[in-house]
Each structure stands twice: as C-alpha cells, then as structure tokens.
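# Structural overview for review
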Amino acid sequence: MRKLIRGGTVVTASETYQADVLIEADKVVAIGEQLEASGAEVIDAGGCYVFPGGIDPHTHLDMPFGGTVTADDFASGTRAAAFGGTTSIIDFCLSNKGQSLREAIAIWHEKARGKAVIDYGFHLMIAEANDQVLEELAHVVAEEGIVSLKVFMAYKNVLQADDETLFKTLVRARELGALVQVHAENGDVIDYLTKRALAEGKTDPIYHALTRPPEAEGEATGRAAALTALADSQLYVVHVSCAQAVRQIAEAREKGWQVYGETCPQYLVLDISYLEQPDFAGAKYVWSPPLREKWHQDVLWNALCNGILQTVGSDQCSFNFKGQKELGRGDFTKIPNGGPLIEDRFGVVYSEGVHKGRISLNQFVDVIATKAAKLFGMFPRKGTIAVGSDADLVIFDPGATRILSAATHHMNVDYNPFEGMKVHGQVVSVLLRGEFVIRDKQFVGRPGFGQFIRRTPFRRP
Ligand code: URP
Ligand code: ZN
Ligand code: ZN
C-alpha cells in the first residue's frame, strides 16, 4: 500500500527540489529528504524529475464531428494520454438543442465508464440558453460537479451559438460559479469566406486556413471578453492560435477582466505551410482555428511565459487520414477538423519549451497541470505534489531523446502531426492515485480505473 519515490527532483509550479515522495494508498503523505521506507515499495527516481501528473483540459474522445466520429475513444485516448504523462483530462460533452442537459451528460458518462485508464471530467456544451437549460445548470454545477460550460462562436449551422446564448450563459455562470469557455472565431464571416472560396474553385486544404483569418479569431475573442465584462463573469478562451487573440486577452486582463486563455502544441510548433503538403497530406493539419504564419509562435510562447495564457490543452480530436480526413478531397469544408495530440502534448511542450529555454521548468508544470487544476476546480487535489494531494505523478528522464512517430505512438490513428520530430525528455513511469499506469515505459493500467472528477465551483486563481 505504501510506495516511496526515492531520489528524484520534485518539480511543482513554484519549486524545484531534491526529495523523496511517500505515497500511502491514493495520496501523497510525506515529502522530504531520506524518508523512512519501512514496508514501502521503493521506486528509484535518481536523475529524473518528479512532476505532478499532466492535466489536459481540452479533449474530444468518442465524439461525432464533421460527418464521422473521432478515431480515439476513452479507452485508446486515455491510454495514449497516460503514455505521454497525462493523468487527468477534461473532455467536451456535446449537447443538442431540445435535449436535456442531464441526458447529454449521461451519454458522455456512458462513453467513459469502464474504459478510461486515467481520471476525467467533463465540460458541458451549451447549444441554447432557454429557461429550461438555465434552470438545469444549477443541478449540473452543484450535483454533477461539471463547472465549465462551452459555447461555440463558430461552426455555423452545426455547433455555433449566437451572442444572446453566450451572454445568457455568462450571466448564469456567474450566479452558479461556472467558467465559460469559448471557441472564439467569427463563424458568420468564416461561412461567407468559405462559400466564396468554394465558388471560386478553391477546394484544397490550404483554403481551410485562408478562409479563417486571424482577424476572425481576434474579433470573436474581443467580443467574448467584452460580453464577459458586461456580465461580470469569467471566460476561458480555448485553443488560442494567433497574436490577434492574444492581444485581446492581454487587454482584457489589463482591465482586470477575468479572461483566461489556452493554446495548444500544434500552434506552438507547426505553421500554415503544413497545409500545402502534396497529395492532400495538408488535410492532416486542418484544425479550427487553423495553423498560422510562423511568427505567431513567438507571441504564443511569450504569452505562456508572461501569464497572458495560462494553459496548454491538446484539443485531441483525432481522425485517420485514410477514410476520415480523405472525406474532404475536392472540398476542404468536408475535412474533419482536428488532430491527435493527447499523447505528445506533455513531451512537446517540455522539449520545445523547457529544453529550448522558452519557459522555465516551473512554468512548464504550471501550464501543463497546475493552472488547469486551479481554473477547473481540481486544486490542490490534483495539479501539484503536496501532502494530501492525489498521488498523480510522472517520473520523467530529461536526458533521454526520442523521435515522435505514428509507428510508435499509442493513439488509434494512422498519422502523427509531429512525425519525425526529435524531442528531449521521456516519460518513464506514471502513477494515478498511487497506482502505476505506466511503469518503465510499459502500460500496466486498467480500463475502468479512471474515475470521474467531480469539480468544485470556479474561484479566481
Ligand atoms: O479543429 C478542431 N479544433 N477540432 C476540434 C473541435 C474544436 O473546435 O475544438
Ligand atoms: Zn474549438
Ligand atoms: Zn476542441
């Protein structure tokens, strides 16, 4: 029942120090030098970092989207996440107009139950903000422990909600202590630009990016921030991709508005030129918002470094190239949007961020785990290493290198957007609530071990 992680360097969002970590059952019970190990299983972490388990605040598993369903479900997706050092995810529960929120949530519980190998929570999509929905939200927050609500400002005629829905959701979220998330792109403008491009015969993947300009993201981000201030509420902008959106978030925060932002590994590392790869391979790089010109990457790294953006989510939303991305040959609007990143989020941000000197070790922990735990009502149970916290731990060898590839990844998808990229650092072992999920790079977890995380209402971090 007791485990002692010996000789590692413990890293949290605020400290880096040599210490042993003692685990009893599912909790950390002591941290210190030369801890007494009697009766405990000793795990050697010499030469390694001991990080809190990664928290991925943005995943789409087993989700119908773009005329198909994501290639990864809660079984394959959470297993891959664990290999990559992630011990908790928050997945997006979709809802439909006319559907009760309880029913939507029950469907998502069914998708995860018995499959997840790591812990999970849900964000709830708000499709409409009628009286029934607004009333039911009290139950969702207080009883279901779902304290984050998602409104799409894009995907016209599919998921997009209007400003009235967003505003009513913000007002209700303030009353209930929920955090409102937005996919911030101006869906109406994008719809117009898309139709015009198709009419001009522009059908290749690159036109997906060219019809979703950064100004459309900046405008929607600024609008959502202004509505948040008007509602005296709180906002989290998902998958920020560009300088225009960062500027809006920075200005909002300077004014004291409660506006937070997340970016994703693809925007930090890849750029718009990937969409021009031959033989339709550009379809592998179709995300919304799209990849941007390379100079935006410095803006995003700086925003993570100086606290304008708080988190890195994977936006895991995987589709095979064969048979799924290919649905959009001859019409870029039919390419399912999204990519497989749940496994490599942690490693890519460490390698490109810490190893390349763009963010510190402690900032890495903050953006990969701690801030998500704080913003989404899981701290200090998760997101840090402290006495009393869940023993969600990653033993990480900073000296190892490896090459990312679809041939070796564990996601259920036939390509890797970072194919051939060399990364520094390697996840060696992962514990969730004191149990190994990954041990010496081997999966030893169990489907169904992952538990639903009931989260607490929003508090300003
Ligand atoms: O392209 C993306 N981002 N796919 C996932 C759905 C979303 O908008 O987050
Ligand atoms: Zn989105
Ligand atoms: Zn997403």
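Now for a quick tour of the structure. (Residues numbered from 1 in each chain as written. Chains lettered and ligands numbered in written order. Predicted model: local features only at pLDDT ≥ 70, side-chain atom pairs only at ≥ 80, totals over all residues. Heavy atoms only, no water.)

### Brief notes about the site of ligand 1
Threshold: What makes a residue near a molecule or strand is one non-hydrogen atom of that residue sitting within 4 Å of it. Two N or O atoms count as a polar contact when they lie within 3.5 Å, although within protein this holds only if one can serve as hydrogen donor and the other as acceptor, and sequence-adjacent residues are included solely when both atoms are side-chain atoms. Residues are called lining when one of their atoms sits within 4 Å of a cavity or pocket point, these points coming from a 1 Å grid over the protein atoms alone, where a cavity is a set in which a 1.4 Å probe fits but cannot get out and a pocket is an open set with protein on both sides within 12 Å along at least five of seven lines. To qualify as sitting in a cavity or pocket, a molecule needs more than half of its atoms within 2 Å of the grid points. Each residue gets one of three labels, nonpolar for Ala, Val, Leu, Ile, Met, Phe, Trp, Tyr, Cys and Pro, charged for Asp, Glu, Lys and Arg, and polar for the others, Gly among them.
In the region of ligand 1, the neighbouring residues are His-58, His-60, Phe-65, Tyr-155, His-183, His-239, Trp-287, Ser-288, Asp-315, Cys-317, Asn-337 and Gly-338. One of the side-chain nitrogen or oxygen atoms of Tyr-155 is found 2.6 Å away from an oxygen atom of ligand 1. Between an oxygen atom of ligand 1 and a side-chain N or O atom of His-239, the distance comes to 3.5 Å. Its atoms largely coinciding with the cavity grid, ligand 1 occupies the largest cavity. Among the residues making up the shell around ligand 1, the classes are represented as four nonpolar, seven polar and one charged.

### Things to note about the packing of aromatic side chains
Working definition: an aromatic ring pair is given by the centre-to-centre distance plus the angle between the planes. Our working rule: Only rings of Phe, Tyr and Trp enter the pairing, Trp through its six-membered ring, and a pair is recorded when the two centres are within 6.5 Å. The plane angle decides the type: under 30 degrees is stacked, over 60 is edge-to-face, the rest tilted. The way it works is that DSSP assigns letters per residue, a run of H or I at least four long becomes a helix, a run of E at least two long becomes a strand, and they are numbered from the N terminus. Relative accessibility thresholds used throughout: buried, under 20% of the residue-type maximum; exposed, over 50%; partly exposed, between the two (1.4 Å probe, protein chains only).
A complete count under the given rule lists 20 aromatic pairs for this structure. Their ring planes at 40 degrees and their centres at 6.2 Å tell us that Phe-280 and Phe-321 sit as a pair that is tilted. Of the two residues, Phe-280 sits in the loop between helix H9 (265–269) and helix H10 (296–305) while Phe-321 sits in the loop between strand S15 (311–312) and helix H11 (345–355), which places them 41 residues apart along the sequence. Given the relative accessible area of 10%, Phe-280 is considered buried. Through pairs of rings, three or more aromatic residues link up here, namely Tyr-49, Phe-51, Phe-346, Tyr-350, Phe-364 and Phe-396.

### A few points about the layout of surface pockets
Rules: Grid points are joined across faces, edges and corners, and a volume is the space filled by probe spheres set on the points.
Here the largest pocket is characterised by a volume of approximately 470 Å³. Lining the largest pocket are 21 residues, and of these Tyr-155, Lys-156, Val-158, Arg-212 and Thr-333 sit closest to its centre. Considering each element in turn, the lining of the largest pocket owes the most residues, five residues, to helix H5 (residues 187–199). For the lining of the largest pocket, the class distribution of residues is eight nonpolar, eight polar and five charged.

### Observations regarding the packing of helix H3 (residues 131–142) against helix H4 (residues 163–176)
So the rule is basically this: Inter-axis angles, ranging from 0 to 180 degrees, are taken between N-to-C directions of lines fitted to C-alpha atoms, where helices are fitted over the stretch in contact. By definition in this entry, angles of less than 35 degrees are roughly parallel, angles greater than 145 are roughly antiparallel, angles of 65 to 115 are roughly perpendicular, and the rest are oblique. It is the rotation of the near helix from the far one that decides the hand of a crossing: anticlockwise by less than a right angle makes it left-handed, clockwise makes it right-handed. We call two residues contacting when some pair of their heavy atoms lies within 4.5 Å.
Two elements in contact, H3 and H4, have axes separated by 10 Å at closest approach and are oriented at 40 degrees. As judged from the angle between their axes, H3 and H4 are oblique. Considering how the two elements wind past one another, H3 and H4 form a crossing that is right-handed. Residue-level inspection shows Leu-134, Glu-135, Leu-137, Ala-138 and Val-141 of H3 in contact with H4, the latter providing Lys-168, Arg-172 and Leu-176. Across the contact of H3 with H4, the residue classes tally to five nonpolar, no polar and three charged.

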